[in-house]
Amino acid sequence: TPFGEAYTKGTGQAWLFLGVANSDALLYDDEWQEVLKKYPDNFRLDYALSREQKNKDGGKMYIQDKVAEYSDEIFSKMDNGAHMYFCGLKGMMPGITEMLEGVCKDKGLVWEDKLSEWKKAGQWHVEVY
């Protein structure tokens, strides 16, 4: 896709947050590491390893915890036209939307309005099963 190719052309940044239970279950890790090595300025990679990492409260590290760590930067990127994609099990979405709602509240924003803005701009993409 044009969005997926942006980092290889040096015109953008792809930032992958990958969540699994253990590091031995990382999907396509060799390939992601190669992309990271080849495009260090245009590709970022963060893992949420629920059975190996702890979140700021000492609990298991999930995608929403990892995204929350970078929420200011992510919201800034979204305000500047970035796209956010979520793929995976549908059971992860309530925790993610709850975290984003909390970030909005902390920023004095209304989550429903922000989500509507992102959807209207075509920036919000969810493919869950």
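Each chain carries its own residue numbering, running from 1 in the direction its sequence is written. Local features are withheld for residues below a pLDDT of 70 in this predicted model, meaning they are given only at 70 or higher, and side-chain atom pairs are given and counted only at 80 or more; totals for whole chains, interfaces and linings count all residues. To obtain the side-chain values, all non-hydrogen atoms of the structure were used and water was disregarded.

Quick question: what am I supposed to make of the side chain of Q123 here?
The helix count covers DSSP runs of H or I at least four residues long, the strand count covers runs of E at least two residues long, and both are numbered beginning at the N terminus. As for its position among the elements, Q123 is in the loop between α6 (111-120) and β4 (124-128). To sort residues, take the accessible area from a 1.4 Å probe on protein chains only and compare it with the maximum for the residue type: under 20% means buried, over 50% means exposed, and anything in between is partly exposed. For Q123, a relative accessible area of 7% gives the class buried. Each residue touching Q123, except ones within four places of it in the same chain, is listed here: M78, G81, A82, H83, M84 and W118. Any two residues whose heavy atoms approach within 4.5 Å are treated as being in contact.

Help me understand the nonpolar core, please; the structure alone is not making it clear to me.
Here is a general trend for soluble globular proteins: nonpolar side chains tend to be buried in one another's company. Formed by 21 residues in total, the largest nonpolar core has its most connected members in I74, M84, L100, W111, W118 and W124. Of all elements in the fold, only β1 (14-20), α3 (63-69), α4 (71-79), β3 (84-88), α5 (93-106) and α6 reach the threshold of two or more residues within this core. Looking at this core element by element, the count peaks at 6 residues for α5. When residues no more than four places from it in sequence are discounted, the contact partners of M84 are I74, M78, W118, Q123, W124 and H125. Buried Ala, Val, Leu, Ile, Met, Phe, Trp, Tyr and Cys residues that are joined via side-chain atoms within 4.5 Å together make up what is termed a nonpolar core. One finds A14, L26, V35 and L49 within the second-largest nonpolar core, a separate group that totals 10 residues.

How should the packing of α4 against α6 be read in this particular structure?
Geometry of a packed helix pair, given as the angle between the helix axes and the separation of the axes. To obtain each axis, a line is fitted to C-alpha atoms, and for helices this fit is confined to the stretch in contact; angles are then taken between N-to-C directions over 0 to 180 degrees. Following both chains from N to C, one finds α4 and α6 inclined at 45°, their axes separated by 11 Å at the closest point. Comparing their axes, α6 and α4 come out oblique. Contacts between α4 and α6 involve F75, M78 and D79 on the former and, on the latter, K114, E117 and W118. Each residue belonging to the contact of α4 with α6 can be placed in one class, and the counts come to 3 nonpolar, no polar and 3 charged. An angle below 35 degrees is treated as roughly parallel, one above 145 as roughly antiparallel, one from 65 to 115 as roughly perpendicular, and anything else as oblique. Residues are grouped as follows: nonpolar covers Ala, Val, Leu, Ile, Met, Phe, Trp, Tyr, Cys and Pro; charged covers Asp, Glu, Lys and Arg; every other residue, Gly included, is treated as polar.

Just to check I follow, could you spell out the environment of T8 for this structure?
The topology assignment puts T8 in the loop between α1 (2-5) and β1. Looking at T8, the relative accessible area reads 35%, which means it is partly exposed. Along the chain, T8 and D41 lie 33 residues apart, while their C-alpha atoms are 9.9 Å from each other.

Help me understand the environment of Q53, please; the structure alone is not making it clear to me.
Of note, Q53 is situated in the loop between β2 (43-49) and α3. Residues Q53 and D24, spaced 29 residues apart in sequence, show a C-alpha to C-alpha distance of 13 Å. Not counting chain neighbours up to four residues away, the residues in contact with Q53 comprise Y47, A48, G59, K60, M61 and K66.

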